[in-house]
Amino acid sequence: MSSNYLTDAINIKSYSLSEADKIVLMYSREKGLMRGVAKGSKKMKSKLGGRMEMLVANKLMLYRGKNLDTICQAEALNTFNNLRTDMDKMVYAMYMSEIVTNFGSEDDPNSEEIYDLLYKALAQMSLAKNLVEILLCVMRFQLKMMRVCGYELQLKNCIRCNCEFTKQSEYGILSLEKGGMQCAQCAIEGSVGGGIKFPEKLRAFLFALSVSNFDEKTYYDEKANEKVSIYCFSLLKKYVALHCSKQFKTIKMIV
């Protein structure tokens, strides 16, 4: 087996190893969560320097080591520069990367799908013009990421009777603990305990986000305002945290 290998990876965070070197935590398209030593990357004239910054996507060549692999070469695929000029973008991007860290694993069987989700989300967020567009991007990521991880929020059919939601109903009951919506009829019957009264328009909004692409503008995207986006994001933030055994450090920094 060759000692060198190639992979595409997005930098999540780094740790100081020595005066000149650091360890970079990355999410790789081929290997999931991984760590690599970036030798000399803290030096001013290092070829790796800027490419080892947080939230940069690289094509890497690594050398297999006994404990940690060493990053030999890095070719930047996308630096997502616009994230670094906007504090809101940067904080929400860090939140998305923390979701990947908390739910991802080494040799992750879903590595390709998760890498592509994070890459597309960061690329789209870098183009966002306001907080609403930032939140729309994050919510798409939350919904899609939870589906990949086996915790899809059921928004198409009632979680009890399995009927498909229609615009005829004005509301349903959203239960984060039960993982989805129950229809108005089931809500009247009290078949699922707990939950909150949730308007049909918001259900349709979240469902549209869950099935649309990051660069796609749906009818509901156009109608979304800051108040609605913050409310729905806060619900999804709770849902993500509900299914994660680890604490989110970025939660205190976001709405």
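Calculation notes
Residues numbered from 1 in each chain as written. Predicted model: local features only at pLDDT ≥ 70, side-chain atom pairs only at ≥ 80, totals over all residues. Heavy atoms only, no water. Phe/Tyr/Trp six-rings, centres within 6.5 Å; stacked < 30°, edge-to-face > 60°. Lys NZ or Arg CZ within 6 Å of the ring centre and 35° of its normal. Pairing = 2+ DSSP bridges. Helix = DSSP H or I, 4+ residues; strand = E, 2+ residues; numbered from the N terminus. Axes fitted to C-alpha atoms, helices over the stretch in contact; angles between N-to-C directions. Contact = heavy atoms within 4.5 Å. Salt bridge = Lys/Arg side-chain N within 4 Å of Asp/Glu carboxyl O. Buried < 20%, exposed > 50% of the residue type's maximum accessible area, 1.4 Å probe, protein only.

Colleague: How would you sum up the packing of aromatic side chains? Please name residues and give values.
Modeller: Going through the model one piece at a time under the given rule, you end up with 7 aromatic pairs. The positively charged end of Lys31 is found above the aromatic ring belonging to Tyr5, 5.2 Å away from the centroid. The ring of Tyr171 has Lys197 lying over it, and the distance from NZ or CZ to the ring centre is 4.4 Å.

Colleague: Explain the sheet that holds strand S8 (residues 196–199) to me, and be specific about the residues and the numbers.
Modeller: The 3 strands lie next to each other as S7-S6-S8, forming an open sheet whose pairing is antiparallel. Each having just a single partner strand, strand S7 (180–182) and S8 make up the two edges of the open sheet. Shown here is a sheet whose adjacent strand axes are inclined to one another by a mean of 45°, direction ignored. Relative to S7, strand S6 (residues 171–175) runs antiparallel, the two being bridged by 3 bridges. Paired with Ile173 across the strands is Gln182, a residue of S7. Together, S6, S7 and S8 form the strand contacts of helix H5 (residues 200–211), whose direction differs from that of S8 by roughly 75°.

Colleague: Account for the environment of Met125, with residues named and values stated.
Modeller: Along the polypeptide, Met125 turns up in helix H2 (residues 111–125). In this view, Met125 contacts Leu83, Lys89, Tyr92, Ala93, Met96, Ile134, Cys137 and Val138; residues no more than four positions away in its chain are not counted.

Colleague: Tell me about the pattern of salt bridges, and name the residues and values.
Modeller: Taken as a whole and assessed by the stated rule, the structure comprises 7 salt bridges. A salt bridge links Lys59 to Asp8; the shortest N-O distance between them is 2.9 Å. Taken as a pair, Lys59 in strand S4 (residues 57–63) and Asp8 in strand S1 (residues 4–16) lie far apart in primary sequence, 51 residues in all. Judged by relative accessible area, which is 36%, Lys59 ranks as partly exposed. We classify Asp8 as buried; its relative accessible area is 15%. Taking the shortest distance from any N to any O, the salt bridge between Arg29 and Asp116 comes out at 2.8 Å. Of this pair, Arg29 sits in the loop between strand S2 (22–28) and strand S3 (32–38) while Asp116 sits in helix H2, and the two are 87 residues apart along the sequence. When salt bridges with common partners are traced through the structure, they connect Arg29, Glu112 and Asp116 into a single cluster.

Colleague: Tell me what's going on with the sheet that holds S3, and back it up with residues and numbers.
Modeller: The strands that make up a sheet pair up through hydrogen bonds in the backbone, lying either parallel or antiparallel. If you trace the 5 strands once around the closed barrel, you get S1-S2-S3-S5-S4, paired in mixed fashion. Averaged over all pairs of adjacent strands, the angle between their axes in this sheet comes to 50°, without regard to strand direction. For S3 and strand S5 (residues 69–78), the ladder comprises 2 bridges, and the chain directions are parallel. Bridging across to S5, Val37 finds its partner in Thr70. Along the sheet, H2 contacts S1, S2, S3, S4 and S5; its crossing angle with S1, the most-contacted strand, is approximately 60°.

All we've got here are geometric facts, nothing functional implied.
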